[in-house]
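# Coordinates in review
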Amino acid sequence: WKIYRNEQYGFEVRYPPSFDVIEPSSPDPLRDPEAIIIHNYTIFTQKGDDRGRPISNFLLRIIPNQRETPEEFAKIAGKDIEILSLGGNSFQKVGPVIYYLKEPGKNSYVKFHFRGQTAFPEIKEHAGFLDYDQQKEIFAKILSTFKFIE
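Below or above, wherever it landed, is the structure these notes cover.

Conventions and cut-offs
Residues numbered from 1 in each chain as written. Predicted model: local features only at pLDDT ≥ 70, side-chain atom pairs only at ≥ 80, totals over all residues. Heavy atoms only, no water. Helix = DSSP H or I, 4+ residues; strand = E, 2+ residues; numbered from the N terminus. Buried < 20%, exposed > 50% of the residue type's maximum accessible area, 1.4 Å probe, protein only. Contact = heavy atoms within 4.5 Å. Areas by Shrake-Rupley, 256 points an atom, 1.4 Å probe, with all protein chains shown as cover. Salt bridge = Lys/Arg side-chain N within 4 Å of Asp/Glu carboxyl O. Arc of directions from axis to C-beta. Pairing = 2+ DSSP bridges. Phe/Tyr/Trp six-rings, centres within 6.5 Å; stacked < 30°, edge-to-face > 60°. Lys NZ or Arg CZ within 6 Å of the ring centre and 35° of its normal.

### Re the overall build of the chain
The helix and strand inventory of the chain stands at three helices and 10 strands. Going from the N terminus to the C terminus, the chain shows its helices and strands as β-β-β-β-β-α-β-β-β-β-α-α-β. The burial tally for the chain puts 43% of its 150 residues in the buried class. Contacts spanning at least 24 positions in sequence make up 49% of the contacts within the chain whose residues lie at least 6 apart. About 8800 Å² of surface is accessible on the chain, with carbon and sulfur atoms providing 50% of the total.

Next comes the structure, spelled out in structure tokens:
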């Protein structure tokens, strides 16, 4: 696996070699400017369209310096908090796709937002697309490698 290391926010994480990382401060105005994205995509071709287009197959947003607490988010989302230990870290899981990890020595969290499943059957059946169980397994493996650095 490859290693993504961010000195500014003081962490590193491993991810599969076929995945890519999008650094913070992307020109995309819809993104959180501090979000780091780890993703994988497949080229999806519809009948009659031989050009193909990239479809996100797995997407993980890692957002440091979150002032919102897991408790605040859980209340807004109407979800319970579950404690999940992975790789020596104790994550606070809110619903199926949001995880929080307290930043050491700070009053903030790293928020992990996983998005993988698609509602379109023609995309799910496309060659090379990871099914949701495979995506969840990769997500858990990535989280298990997350560590704070000095």
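### Here's the deal with the pattern of salt bridges
Between side chains of opposite charge, a pair can form as their charged atoms come close. Counted according to the given criterion, the structure contains six salt bridges. A salt bridge links Arg5 to Glu12; the shortest N-O distance between them is 2.6 Å. Look at Arg5 and you get partly exposed, because its relative accessible area is 41%. As a salt-bridge pair, Glu137 and Lys141 come within 3.5 Å of each other at their nearest N and O atoms.

### Looking at helix H1 (residues 70-77)
Count 3.6 residues to each turn of an α-helix, and residues three or four apart come out pointing the same way. Taken together, the buried positions of H1 are Pro70, Phe73 and Ala74. Take H1 and look down its axis: the buried residues cluster within an arc of 100 degrees, on one side only. For H1, exposure combined with an orientation more than 90 degrees from the buried face picks out Lys75 and Ile76. Residues of H1 that are buried make contact with strand E6 (81-86), strand E7 (89-94), strand E8 (98-102) and strand E9 (109-115). Two residues or fewer after H1 comes Gly78, characterised by a positive phi angle close to 70 degrees.

### Comments concerning the pairing of E9
On a regular strand, one side chain projects to one face of the sheet and the next to the other, so that they alternate. In terms of burial, E9 is a largely internal element, five of the seven residues being buried. As paired elements, E8 and E9 share five bridges and run antiparallel to each other. When the bridges of E9 are listed, Tyr99 appears paired with Phe112. Joining the antiparallel neighbours E8 and E9 is a turn of six residues, in which Gly105 adopts a positive phi near 70 degrees.

### Quick word on the packing of aromatic side chains
Tallying each qualifying case throughout the model produces 12 aromatic pairs. Both rings, one in Tyr99 and one in Phe139, keep their centres 4.9 Å apart while their planes meet at 70 degrees; by these two values the pair is edge-to-face. Note that Tyr99 is positioned in strand E8 and Phe139 in helix H3 (residues 132-145), a separation of 40 residues in sequence. The buried category is assigned to Tyr99, whose relative accessible area is 7%. You can call Phe139 buried: its relative accessible area is 3%. With centroids separated by 5.1 Å and ring planes inclined at 90 degrees, the aromatic side chains of Phe112 and Phe146 adopt a geometry described as edge-to-face. Placement of Phe112 in strand E9 and of Phe146 in the loop between H3 and strand E10 (147-148) is noted, with a sequence separation of 34 residues between them. Phe112 sits in the buried class, given a relative accessible area of 0%. Sitting over the face of the ring of Tyr109, Lys102 holds its NZ or CZ atom 5.5 Å from the ring centroid.

### Some thoughts on the environment of Glu150
Secondary-structure assignment places Glu150 in the segment after E10. Assessed through its relative accessible area of 94%, Glu150 is described here as exposed.

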